[in-house]
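# Examination of the molecular architecture
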Amino acid sequence: MSGRAAPNGDCTVVVGCQWGDEGKGKVVDVFAEDADVVARYQGGANAGHTVHVGDHEFVLHQVPSGILHPGKRCLLGNGVVVDLAQFFSECDHLAERGVDVRGRIGVSTRAHVVFAHHRALDAALETRAKHKIGTTGRGIGPAYEDKTGRRGVRIGDLLDRALAEETVARSLQGARERLEWLGADPASAGTLEEALAPASRLPDVAADVGLEIWEARAKGRRVLLEGAQGTALDVDHGTYPYVTSSNTTAGAASAGAGIGPTAIDSVIGVVKAYTTRVGNGPLPTGFDERMDAFMRKLGAEFGATTGRPRRCGWFDAVLAAYAARVNGLTGIAVTKLDVLDTLPELKIATAYRLGDAAEHPFPPTVQELDQAEPVYETLPGWTKPTTEARRLADLPANARAYLDRIEELAGVPIAMVSVGTRRNQVIRGVAA
Ligand code: GDP
C-alpha cells in the first residue's frame, strides 16, 4: 500500500467496484467533509447507503450521502430516476431527525420520475419473469424503460400543471394497459391525483444540476459525484441480464450529472475487503453454505433497501482489476477490513481459469462467468482487531500485506481504508 493521499481534485467520482453494497455511503460521507457539492448521477430509490454519525444510523435512498455534513449542497442529476413521494418523505424524515435540508437539495429538471405505476410494473414483471433478476421492486427498471422509450415524465414536465396532467395521465394509462397484459391488477398503478400530489413541492428543489456543478467548479468549489450500485451491476459492463437498469460506472457520472468528462479529476473505486452480492446472478468467488452464513453474520450482510441476505465470497481481484479498467480508477477505498479480523486465513482470487485459458479477464457473459474457476492465493489472517487503526502503521503486518496484494492486483493505489461503521474509523492517505 502506497499510503498516497486521496486525490483532492475539483471533481471526484466515487463508484462501487463489485455488486453494490461496498460501503459507498460511508466513503462519500468521509470525502464529503472536503467537498462543497455532492451529486448523485444514476439509479434511484433502489440504492440504500448506510451512514453512521455518532450513535445515529441513517439509511439514504435518494438523498446524497453528503447531506449529513451541514452546509453541503446535495444534488440529484439528470441520470437519476426520482420517486418523488419517497424523496420528499426522506427529506422530511431527515429534517425530523435534526438534519437541516432547507435550500440544500436540488433535483435536475431533466431527471425522470418514478411513479407508483412503475413500482407496480416492476413487481408484475419480476413475478412473471422466467429468469428472475432479484430487483429491489422500486420501479427503477420500468422508469428507465420509459426514459429510453421516450415516453417518460421528467421533473420539468411536472412544473407546469397542464403539461403534468397530460404526460402523467399518458404514462399511467400505458402502465395500466401493460399491467393488464401481464395479468396484474391495473388498479395497482394508483391514481392520477396520487401521482401528481408531490409535484407541488418541486419548485423548492428543481434545479439545472449540470449548470450548478459547472458553476461550482468555476468558482473553485469541490464536487463529489456519488455512484450507486456497482460495476458488476452496470447495464453494459455488469453480469447482464442480472444487472441494474443504468450505467453505474464512472463514465456515467459525466452524462448523468450533466458535465463533460474533462471536468472529472479523479475516480475512487470502493471495494469491500471481501465480496458480496444481493439478487440473482453469478458470484464466482462465492463461499460454501457454512462459510456464507458465517460471513453474513460477521459482516451484517443484509440489504439496506430490501433487508435481503447478501451472498458472500472471497475478494475477487479479477473483478477489481476489471473495475479499475472500466472506471479508469485513480484510487481505491477498501471497506470493512475489520470484518476479516478474526479469520485465520484469507483467500484472494487472482485469476479465472476458463476453457484452455489459465488466466482470463472478467468475462462478458454470465455463461462464461458460471464456468470460470477462480484461482486462489491464500494469505495469513491477522487475528487482531483493526477497528482502532487510524494510520497504516497501526494495522497488523498481515493486514497491510493483504491490502498491498489488493493494491498490486487491482493496479491502483489505495486511497482510504475503512475499519468500522463510524465516520472516524478510517485510514486516509497516511504514509506508513
Ligand atoms: P453502499 O450501498 O455501498 O453505501 O453500502 P451499504 O450502506 O448498503 O452497506 C455498507 C454497510 O457496511 C453499512 O451498514 C455500513 O455502515 C457498513 N460499513 C461501511 N464501512 C464499514 C467498515 O469499514 N466496517 C464495517 N464493519 N462496516 C462498514
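The model shown is predicted, which means the values in this text are computed figures rather than measured ones.

### Looking at the overall build of the protein
- Helix and strand counts for the protein stand at 12 helices and 20 strands.
- Overall, the C-alpha framework of the protein stretches about 65 × 50 × 40 Å when taken along its three principal axes.
- Looking at the protein residue by residue over its 432 residues, the buried ones come to 56%.
- Residue pairs at least 24 apart in sequence account for 76% of intrachain contacts in the protein once pairs closer than 6 positions are excluded.
- For the protein, the exposed surface amounts to about 17600 Å²; the carbon and sulfur share of it is 50%.
- Charge centroids of the protein, computed over 48 positive and 54 negative side chains, lie 2 Å from each other.

### Considering the site of the ligand
- Neighbouring the ligand are 19 residues, the closest being Lys24, Gly25, Thr50, Asp338 and Ser418.
- One of the backbone nitrogen or oxygen atoms of glycine 23 is found 2.8 Å away from an oxygen atom of the ligand.
- Glycine 25 is positioned with one of its backbone polar atoms (N or O) 2.8 Å from an oxygen atom of the ligand.
- With the chains in place, 91% of the 580 Å² that the ligand exposes on its own is no longer accessible.
- Using a 2 Å cut-off from the grid points, one finds that the ligand occupies the second largest pocket.

### Side note on the domain arrangement of the protein
- The domain boundaries assigned to the protein delineate domain 1 (112–201) and domain 2 (269–428).
- Domain 1 and domain 2 are separated by 37 Å when their C-alpha centres are compared.
- Each side of the interface is counted separately: domain 1 has 6 residues, and domain 2 has 5 residues.
- Summing both partners gives a buried area of about 400 Å² for domain 1 against domain 2, and 42% of it is carried by carbon and sulfur.
- When residues of domain 1 are sorted by the area they lose upon contact with domain 2, Gly134, Thr136 and Arg138 head the list and together hold 67% of the total.

### Quick look at the packing of aromatic side chains
- Taken as a whole and assessed by the stated rule, the structure comprises 5 aromatic pairs.
- The interplanar angle of 85 degrees and the centroid separation of 4.8 Å between the aromatic rings of phenylalanine 287 and tryptophan 314 together place this pair among those described as edge-to-face. Placement of phenylalanine 287 in the loop between β12 (275–277) and α9 (289–298) and of tryptophan 314 in the loop between β13 (311–313) and β14 (315–316) is noted, with a sequence separation of 27 residues between them. The two residues phenylalanine 287 and tryptophan 314 agree in class, both being buried.
- Directly above the aromatic system of phenylalanine 58 lies the positively charged group of arginine 97, at a separation of 4.1 Å from the ring centroid.
- Here the basic side chain of lysine 347 rests over the ring of tyrosine 376, its NZ or CZ set 5.7 Å away from the ring centre.

### Some words on the side chain of glutamate 301
- With respect to the helices and strands, the residue glutamate 301 is situated in the loop between α9 and β13.
- A residue is classified by how much of its surface remains accessible, and glutamate 301, at 0% relative accessible area, is buried.
- Among the polar contacts listed, one links the side chain of glutamate 301 to the side chain of lysine 272, at a separation of 2.9 Å.
- Residues within four places of glutamate 301 in sequence aside, it is in contact with Lys272, Tyr274, Thr276, Met295, Arg296, Arg308, Pro309, Arg310, Cys312 and Lys336.

### With respect to the sheet that holds strand β19 (residues 414–418)
- Taken together, 10 strands build an open sheet; the order of strands is β9-β7-β5-β2-β10-β1-β11-β15-β19-β20 and the sheet is mixed. A strand with exactly one partner marks an edge of an open sheet, and here the two such strands are β9 (206–207) and β20 (426–428).
- Those strands touched by helix α7 (residues 209–218) are β1 (11–16), β2 (37–40), β5 (73–76), β7 (105–108), β9 and β10 (223–226), and its axis lies near 145 degrees from that of β5.

### Brief notes about the confidence of the model for the protein
- Model confidence for the protein is summarised by a mean pLDDT of 93, while 97% of its residues fall at 70 or above.
- A low-confidence stretch, residues 3–9 (pLDDT under 50), is modelled with 23 contacts involving residues beyond four sequence positions or located in other chains.

### Overview of the packing of helix α3 (residues 116–128) against helix α4 (residues 140–148)
- Taken N-terminus to C-terminus, the directions of α3 and α4 make an angle of 110 degrees; their axes are 7 Å apart at the nearest point. Looking at the two axes, α3 sits roughly perpendicular to α4. Seen along the crossing, α3 lies across α4 with a hand that is right-handed. Residues His118, Leu121, Asp122 and Leu125 of α3 form the contact with α4, whose own contacting residues are Ile140, Pro142, Ala143, Glu145 and Asp146.
- Grouping the constituent residues of the contact of α3 with α4 by class yields 5 nonpolar, 1 polar and 3 charged.

### Structural notes on unusual backbone geometry
- Omega for the peptide link from tyrosine 240 to proline 241 comes to 5 degrees, which places this bond in the cis form.
- Tracing the chain through its elements places proline 241 in the loop between β10 and α8 (251–257).
- Of note, the phi angle at arginine 150 is positive, near 60 degrees, even though the residue is not glycine.

### A look at the environment of arginine 221
- Of note, arginine 221 is situated in the loop between α7 and β10.
- Residues arginine 221 and aspartate 34, spaced 187 residues apart in sequence, show a C-alpha to C-alpha distance of 9.8 Å.
- Aside from chain neighbours lying at most four places away, what touches arginine 221 is Asp10, Asp36 and Ala216.

### Comments concerning helix α10 (residues 317–327)
- In terms of burial, α10 is a largely internal element, 8 of the 11 residues being buried.
- Of the positions making up α10, those classed as buried are Ala317, Val318, Leu319, Ala320, Tyr322, Ala323, Ala324 and Asn327.
- Where α10 starts, the residue carrying a side-chain oxygen 3.0 Å from the main-chain nitrogen of valine 318 turns out to be aspartate 316.
- After α10 finishes, the residue glycine 328 shows a positive phi value of roughly 60 degrees.

### Points about the pairing of β1
- By the criterion of burial, β1 is predominantly enclosed, with 6 of the 6 residues buried.
- Of the two faces of β1, the one lined by Cys11, Val13 and Val15 and the one lined by Thr12, Val14 and Gly16 are each fully buried.
- With 4 bridges joining them, β1 and β10 adopt parallel strand pairing. Across the sheet, valine 14 pairs through a bridge with glutamate 226, a residue of β10.
- Examined bridge by bridge, β1 and strand β11 (residues 266–272) share 5 bridges and lie parallel to one another. By the bridge assignment for β11, valine 15 is matched with glycine 269.

Parameters and conventions
- Residues numbered from 1 in each chain as written.
- Predicted model: local features only at pLDDT ≥ 70, side-chain atom pairs only at ≥ 80, totals over all residues.
- Heavy atoms only, no water.
- Helix = DSSP H or I, 4+ residues; strand = E, 2+ residues; numbered from the N terminus.
- Buried < 20%, exposed > 50% of the residue type's maximum accessible area, 1.4 Å probe, protein only.
- Contact = heavy atoms within 4.5 Å.
- Areas by Shrake-Rupley, 256 points an atom, 1.4 Å probe, with all protein chains shown as cover.
- Lys, Arg positive; Asp, Glu negative; His and termini not counted.
- Charge placed at Lys NZ, Arg CZ, Asp CG, Glu CD.
- Near = heavy atom within 4 Å.
- Polar contact = N/O pair within 3.5 Å; in protein donor to acceptor, adjacent residues only side chain to side chain.
- 1 Å grid on protein atoms, 1.4 Å probe; cavity = no way out; pocket = protein on both sides within 12 Å on 5 of 7 lines; lining within 4 Å.
- Sits in = over half its atoms within 2 Å of the grid points.
- Domains from an automatic or database assignment.
- Buried area = accessible area lost by both parts, 1.4 Å probe.
- Phe/Tyr/Trp six-rings, centres within 6.5 Å; stacked < 30°, edge-to-face > 60°.
- Lys NZ or Arg CZ within 6 Å of the ring centre and 35° of its normal.
- Pairing = 2+ DSSP bridges.
- Axes fitted to C-alpha atoms, helices over the stretch in contact; angles between N-to-C directions.
- pLDDT = per-residue confidence, 0-100.
- Parallel < 35°, antiparallel > 145°, perpendicular 65-115°, else oblique.
- Left-handed = near helix turned anticlockwise from the far one by under 90°.
- Nonpolar A, V, L, I, M, F, W, Y, C, P; charged D, E, K, R; others polar.

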